[in-house]
Amino acid sequence: MNRVYNFNAGPAALPEEVLQKAANSLVNYNGLGLSVMEMSHRSHDFETILEDAQNRLRDLAQIPENYRILFLQGGGCQQFAAVPMNLMSTGKAAYVISGTWSKKAAQEAKMYGEVYTLASGEDQNFSCLPSCEGLAVPEDASYIYLCQNETIHGIEYRTLPVFDSAAPLVVDASSCFLSEPMEVAKCGLMYAGAQKNVGPAGVVIVIIREDLIREDVWPGTPTVMRYSIQAKNNSLYNTPPCWSIYMCGLVFEWIQQNGGLKGMQARNEAKAQMLYDFLDKSSLFKPKAKPGSRSIMNVTFSCGSPELDAEFVALTQERGFVGIKGHRSVGGMRASTYNAVPLEAVEALVSLMQEFENNR
Ligand SMILES: *Cc1c(COP(=O)(O)O)cnc(C)c1O
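**Q** Where do I start with the pairing of strand 8 (residues 169–172) in this structure?
**A** Two faces, one strand: in a regular strand the side chains alternate between the faces of the sheet. Burial along strand 8 is two-sided: the residues Leu-169 and Val-171 and Val-170 and Asp-172 are all buried. Of the pairings in the sheet, the one linking strand 5 (residues 144–147) to strand 8 comprises 4 bridges and is parallel in character. Following the sheet pairing, Cys-147 is matched in strand 8 by Asp-172. Across 3 bridges, strand 8 lies against strand 9 (residues 189–193) in parallel orientation. Paired with Val-170 across the bridge in strand 9 is Leu-189.

Laid out in structure tokens, this is it:
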């Protein structure tokens, strides 16, 4: 079967083995005579699927026992609201603005209280990460918020910064979740929409330290958005995104079978390195992200003019590449090299870039 070179930013590539496995059980799961999509979320069989996904994730990401794993609906953007609703106990929180997604999260949080901007990379056009070293965190900040990988700009905190503050760190890890070993224990809460690196759209994974699961949340917080209610009900307060959770479980299993997070890290570093090496020596293509800030998940670049960029994007489409066009807000190109993108896809992209360059 012909599969394209899929560099989509999200929803994005999934491992072909996972899709095959899902296809094989699509109509008749485990000989039960029904699909996972047709199963009661209260059934023993679905509870097994949910528990299996949680166990695999806890094992893969080495999530400590005092953290709960929730599978929720509403995507990353709903967490922009759920975080302040549930955690902004002082009415104030501190945000690091490293790109479009953290900026959006901060804007959403302003509906629920006061937002301190701890640091911002906006004056650099988000081409590099704002430094978090030695920042003075206001004492009354309920939490510190950070987006680990800014998907649109292609910049990433490969190591989570440590702040001189007792406030818990909240991390949006949507586009780097399970791309390499994770530092869950440095966070009070980490969340990730699945559709970037771990599954289909429709589910967001929230990993929250137990002491942050509070009852005294912002009074208008909808019941389904209360972490306390979702934790008490093991993500089954209402109907969860059953199929998406099942798919995530299959992806977790695939990661386990392919070297775990260290295995993913080696693959992802090799792919990103190949692209950055080419970009750094190219006379035509230029990387957008500065060394030291570069993401291993989303590699952004440009030819220096919108016309040339459009020409290159058209060529990629002709040759069976998908998703190379940059985010509409920033233009240029972006190659999202998530876990399921094979090295050979990156090799093919680099050789197409070389060809384009040679023909100029
Ligand atoms: C895609 C993305 C989001 C938004 O996710 P939705 O599921 O579309 O709401 C938030 N944060 C980051 C880092 C993302 O990449």
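That was the structure; now back to the text.
**Q** Even after reading the chapter, I still don't get helix 2 (residues 44–61), so can you show me in this structure?
**A** Taking 1.5 Å per residue, 18 residues should reach 26 Å; helix 2 reaches 26 Å between its end C-alpha atoms and fits that length. Among all positions in helix 2, only Phe-46, Ile-49, Leu-50, Ala-53, Gln-54, Leu-57, Leu-60 and Ala-61 are buried. All buried residues of helix 2 project into a common sector of 140 degrees when viewed along the axis, lining one side. Residues of helix 2 that are exposed and angled more than 90 degrees away from the buried face: His-44 and Asp-59. Buried residues along helix 2 sit against strand 2 (67–72), strand 10 (204–209), helix 6 (242–257) and helix 7 (260–281). Positive backbone phi, approximately 50 degrees, marks Gln-62, located one or two places after helix 2.

**Q** I keep staring at the sheet that holds strand 9 and nothing clicks. Help me out?
**A** As a general point, the strands of a sheet are linked pairwise by backbone hydrogen bonds and lie either parallel or antiparallel. Pairing is mixed across the open sheet formed by 7 strands, whose spatial order is 2-10-9-8-5-3-4. Of all the strands in the sheet, just strand 2 and strand 4 (114–120) have a single pairing partner and so form its edges. Pairs of neighbouring strands in the sheet enclose a mean axial angle of 20 degrees, with direction left out of account. For strand 2 and strand 10, the ladder comprises 6 bridges, and the chain directions are antiparallel. Across the sheet, residue Phe-71 finds its bridge partner in strand 10, namely Ile-205.

Each value, and the rule that gives it
Residues numbered from 1 in each chain as written. Predicted model: local features only at pLDDT ≥ 70, side-chain atom pairs only at ≥ 80, totals over all residues. Heavy atoms only, no water. Buried < 20%, exposed > 50% of the residue type's maximum accessible area, 1.4 Å probe, protein only. Helix = DSSP H or I, 4+ residues; strand = E, 2+ residues; numbered from the N terminus. Pairing = 2+ DSSP bridges. Expected span 1.5 Å × (residues − 1). Arc of directions from axis to C-beta. Contact = heavy atoms within 4.5 Å. Axes fitted to C-alpha atoms, helices over the stretch in contact; angles between N-to-C directions.

That is the geometry; function is a separate question.
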